[in-house]
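# Results of the structural survey
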Amino acid sequence: MLSPVELAIKPLKIPREERANYLLAHRRELEELLGTSLSKKPERIWDTYYMRIRPLKRDFKEQCVKLADGNLLCLYQYKELSAKGYIKAPLLSAMRGTVVKWYSNGESRLMAFPFAKFFNYMEVEETKTLPEGRFHASLKLDGTLIIVWRDENGEMHYNTRGMLEWFTPVKGKTGVYTQKMDTIANPYVKAFLNAVKR
């Protein structure tokens, strides 16, 4: 099963001739994630998808590293929006430091999915009423999110919501970074690892 990020981004990664069938097969899930209706017609579904994903791309960053095997390792991070922005397009809530490996054939593998963005009680319309029956509540604190995950070889990796451990993105730029460093560049990950060692 694909993660929300893989599901919504995959049409941009697969060959053009496969797009309509993929979009038709996943139309309802995509409509929910993107917060819009998609055409039911094979000849129009790509257009309706692209008309929604294109402006939505302004609200998230995709930062990718080209790996030695030619595949891409991509980090997805939402940009700070008003709460309504996340509610209108739930896909953005899932882009909280999510890491996906994209293979050259369009297939993907979810490497890290920390958790979706959530809101305080009374912060948005959807959180103004408490659920009926038993529920769990916790205190929401500000801090730095360190995401720990393993690759296919079992090697540990770390990232924050906006930066992989071994590359520093250019502020405001989205794109592919071809240089993977041997040392950890992310200062938050460095501090985390130093604290764990102590």
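Source: prediction; values computed, not measured.

Bringing the packing of helix 1 (residues 4-13) against helix 3 (residues 27-34) into the picture now. Where helix 1 meets helix 3, the axes come as close as 10 Å, and the angle between the chain directions of the two elements is 105 degrees. The angle between helix 1 and helix 3 places the two elements in the roughly perpendicular class. For the pair helix 1 and helix 3, the contacting residues are Pro4, Leu7 and Ala8 in the first and Glu29, Leu30, Leu33 and Leu34 in the second. In terms of residue class, the contact of helix 1 with helix 3 is built from six nonpolar, no polar and one charged.

Let us look at helix 1. Judged by how many residues are buried, helix 1 sits mostly within the fold: seven of 10 residues are covered. The complete set of buried residues in helix 1 reads Val5, Glu6, Leu7, Ala8, Ile9, Lys10 and Pro11.

This paragraph deals with helix 2 (residues 16-25). Among all positions of helix 2, only Arg19, Tyr22 and Leu23 are buried. In a view along the axis of helix 2, the buried residues occupy a sector of 95 degrees, so they form one face of it. What points out from helix 2, more than 90 degrees from its buried face, is the exposed set Glu17, Asn21 and Ala25. Where helix 2 is buried, its residues touch helix 1, helix 3 and helix 4 (42-56).

Cut-offs used in this document
Residues numbered from 1 in each chain as written. Predicted model: local features only at pLDDT ≥ 70, side-chain atom pairs only at ≥ 80, totals over all residues. Heavy atoms only, no water. Axes fitted to C-alpha atoms, helices over the stretch in contact; angles between N-to-C directions. Helix = DSSP H or I, 4+ residues; strand = E, 2+ residues; numbered from the N terminus. Parallel < 35°, antiparallel > 145°, perpendicular 65-115°, else oblique. Contact = heavy atoms within 4.5 Å. Nonpolar A, V, L, I, M, F, W, Y, C, P; charged D, E, K, R; others polar. Buried < 20%, exposed > 50% of the residue type's maximum accessible area, 1.4 Å probe, protein only. Arc of directions from axis to C-beta.

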